[in-house]
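Each chain, written out:
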Amino acid sequence: MFSWFANPLRFMRLSNWLAPLCYALAVLLIGWGLWQGLWMVPKDDYQGGDIMRVMFIHVPAAWLAMASYMAMAVMSFIWFIWRHEVADIAAKSIAPLGAVWTAICLATGSIWGKPTWGTWWQWDDARMMSVLFMFFLFLGYMALRASMDTRQKAARAGAILAMVGAINVPLIKFSVDLFTSLHQDSSVLTADGPKMAAVYLWPLLASGLGHTLLFAGLTQTLMRAEIWDRRTAQANAKLMAEG
Amino acid sequence: MRPAPILSAFRQALGEAWAGGAGALLPLGFFAGAAVLVPLGIGTDPQTLRAVGPGILWVALALSSLVTLERIFQADTEDGALDLWLQTGAPASAIAGAKTFAHWLAAGLPLALLSPLLALMFQAEASTDLLRNAALYALGGLAFYFWGGVGAALSATVRRGGLLISLIALPLYVPTAIFGALSMTHGPGSESAPLFLAASTLFALAVAPFAMAAALRLAAD
């Protein structure tokens, strides 16, 4: 199955229509989610009044922060084992986007935390810390790739680091879990179904799916740019060789 | 598996750590210097110092491990020693593990042995707790050295790799730092924290050599 996707030509044909489709659906879903979240749903005074509306960005960003790191690690793994170039291009493209969504998660969390918990930042909050370290993992990954002198070396070093990071994520998560958390417990994914009122749940799910699609669309665009970049380099080299 | 290349890597790393001016005293100087800066920075109130002392020593230990690890594999890629070791057929993970362990022995363990003295300067009560803490510093330091070694191996071919090592290793140091600091408090969870610290060190010992090996094979290409 990986090999089917490993063909750059097939990827270019697929992403040519899939990326715009992702963008269109993302605009619709995020738009509907934000409209519902910012104007339609009643505010929840227990969560700080109107400020709780930031949830419709904060929670999707947190999901994306975790999912994108795992996606990067899986892509690195696929590249490391099967050496499919498209997987490496995907991992490389996911990193800056993942860092941005992680930063959005941290920023919106701070903005939400100040009026409700009275603090921008709490050092012993488990989830803040694990997202912060995820952010550093992304930065380290990008810095390492940037400092390698060839594309192949960047891919190998990045893949090793992403995989080492991925097996450490559960341990980091477990260690910071010893801290108490200001965060409420998960209220969407629980054993007996969502505990959240449906009026909040649907816009949140729409927003989450929208962010995921936006992420997928942007990843494909970055991957396409990288593939064009490589083709250009190849064409240039050919021109040079022919004189 | 022939042990000769592994032993030679171990001996070479020990020599490397001892050579060069002040030898093993250099990391000690860095460790003490970093720790002594703290009272100057945050004030000399004995109550505060007693509270932050163990944590400061963890930070100083992490920093000095990063500083000493910067050149651990870089010199070997430059003078070709790495290529020779990889050609002997000895497992690269064993060579990397032996080198890192030697550096911990020469630079990390002395820091742990010095820690009771620094703890006293941070107004800790003189008791057997200081010796117990020294053992915990030694244990946690081992994890720092192995994760830092992964960063060092990945940036072995990078000039000015020291800054990169810090950025790469920082998230990997987290569990050790948390369990380590927790094991020196008397709050909830401090009873089992030394066991978790030991577990995180064992995890580093089990995983890091293979990551270092993959990174070294990359550096040798």
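Going by the structure above, here's the rest.
The notes below deal with the structure included here. Computed from a predicted model, the values in this text were never measured in an experiment.

1. Focus: the overall build of chain B
No. 1: A count of helices and strands for chain B gives 9 helices and 0 strands.
No. 2: Helices and strands in chain B line up, N terminus first, as α-α-α-α-α-α-α-α-α.
No. 3: Taken over the C-alpha trace, chain B has a radius of gyration of 18 Å; the compact-globule value for 221 residues is 17 Å, and the two agree within 12%.
No. 4: In terms of overall dimensions, chain B has a C-alpha envelope of 55 × 35 × 30 Å along the principal axes.
No. 5: The buried share of chain B, reckoned over its 221 residues, is 53%.

2. Examining the overall build of chain A
No. 1: The secondary structure content of chain A amounts to 7 helices and 0 strands.
No. 2: For chain A, the succession of helices and strands along the chain, N to C, is α-α-α-α-α-α-α.
No. 3: The buried share of chain A, reckoned over its 243 residues, is 47%.
No. 4: Restricting to contacts in chain A with at least 6 residues of sequence separation, those with at least 24 account for 77%.

3. Side note on the pattern of salt bridges
Opposite charge on two side chains lets them pair, provided their charged atoms get close.
No. 1: Applying the stated criterion to the full structure yields 8 salt bridges over all chains.
No. 2: The partner of Glu85(A) in a salt bridge is Arg151(A), and the shortest N-O contact between them spans 3.6 Å. With a gap of 66 residues between them, Glu85(A) in helix H4 (residues 85-117) and Arg151(A) in helix H6 (residues 151-176) connect regions that are remote in the sequence.
No. 3: You can call Glu85(A) partly exposed: its relative accessible area is 26%.
No. 4: Between Lys99(B) and Asp76(B) there is a salt bridge; the shortest N-O distance is 2.4 Å. With Lys99(B) in helix H6 (residues 92-121) and Asp76(B) in helix H4 (residues 74-79), this residue pair connects regions lying 23 residues apart in the sequence.

4. Observations regarding the side chain of His211(A)
Residue and element names in this part refer to chain A.
No. 1: Secondary-structure assignment places histidine 211 in helix H7 (residues 198-242).
No. 2: Residue classification places histidine 211 among the buried positions, given a relative accessible area of 8%.
No. 3: Side-chain polar atoms of histidine 211 contact the side chain of tryptophan 101, separated by 3.0 Å.
No. 4: Excluding its chain neighbours within four sequence positions, the residues that come into contact with histidine 211 are Ile30, Phe56, Ile57, Pro60, Leu64 and Trp101.

5. Focus on unusual backbone geometry
No. 1: If you check the backbone angles, Arg83(A) has positive phi at about 55° while not being a glycine.
No. 2: Positionally, Arg83(A) belongs in the loop between helix H3 (55-82) and H4.

6. Some words on the packing of H3(A) against H4(A)
Residue and element names in this part refer to chain A.
No. 1: Two elements in contact, H3 and H4, have axes whose closest approach is 7 Å; the angle formed by their N-to-C orientations is 155°. By the angle class used here, H3 and H4 are roughly antiparallel. Viewed along their axes, H3 and H4 form a crossing whose handedness is left-handed.
No. 2: Of the residues belonging to the contact of H3 with H4, the class tally is 20 nonpolar, 7 polar and 2 charged.

Thresholds, definitions, all that
- Residue positions are counted from 1 within each chain, in the order its sequence is given.
- By the order in which they are written, chains take letters starting at A while ligands take numbers starting at 1.
- pLDDT decides what is reported in this predicted model: residues at 70 or higher carry local features, side-chain atom pairs at 80 or more are listed and counted, and totals for whole chains, interfaces and linings draw on all residues regardless.
- Only hydrogens and water are removed before side-chain values are computed, so all heavy atoms of the structure are retained for them.
- Under the scheme used here, helices are H or I runs from DSSP no shorter than 4 residues and strands are E runs no shorter than 2 residues, and both carry numbers assigned from the N terminus.
- When we talk radius of gyration, it's over C-alpha atoms, and the globule rule is simply 2.2 Å times the number of residues to the 0.38.
- We call a residue buried when its accessible area falls under 20% of the maximum for its residue type, exposed when it is over 50%, and partly exposed in between, using a 1.4 Å probe and counting protein chains only.
- The contact definition used throughout considers only heavy atoms, calling two residues in contact when any of these lie within 4.5 Å.
- Salt bridge criterion: a side-chain nitrogen from Lys or Arg within 4 Å of a carboxyl oxygen from Asp or Glu.
- For this analysis, a polar contact is any N or O atom pair within 3.5 Å, provided that within protein one partner can donate a hydrogen and the other can accept it, and provided that sequence-adjacent residues contribute only side-chain to side-chain pairs.
- Geometry is summarised by axes, namely lines fitted to C-alpha atoms with helices restricted to the contacting stretch, and by angles between N-to-C directions that run from 0 to 180 degrees.
- Geometric relationships in this document are graded by angle, where less than 35 degrees denotes roughly parallel, more than 145 denotes roughly antiparallel, 65 to 115 denotes roughly perpendicular, and other angles denote oblique.
- Here a crossing is called left-handed whenever its near helix is offset anticlockwise from the far helix by less than a right angle, and right-handed whenever the offset is clockwise.
- Residue polarity is assigned by list, with Asp, Glu, Lys and Arg as charged and Ala, Val, Leu, Ile, Met, Phe, Trp, Tyr, Cys and Pro as nonpolar; anything else, Gly included, falls into the polar class.

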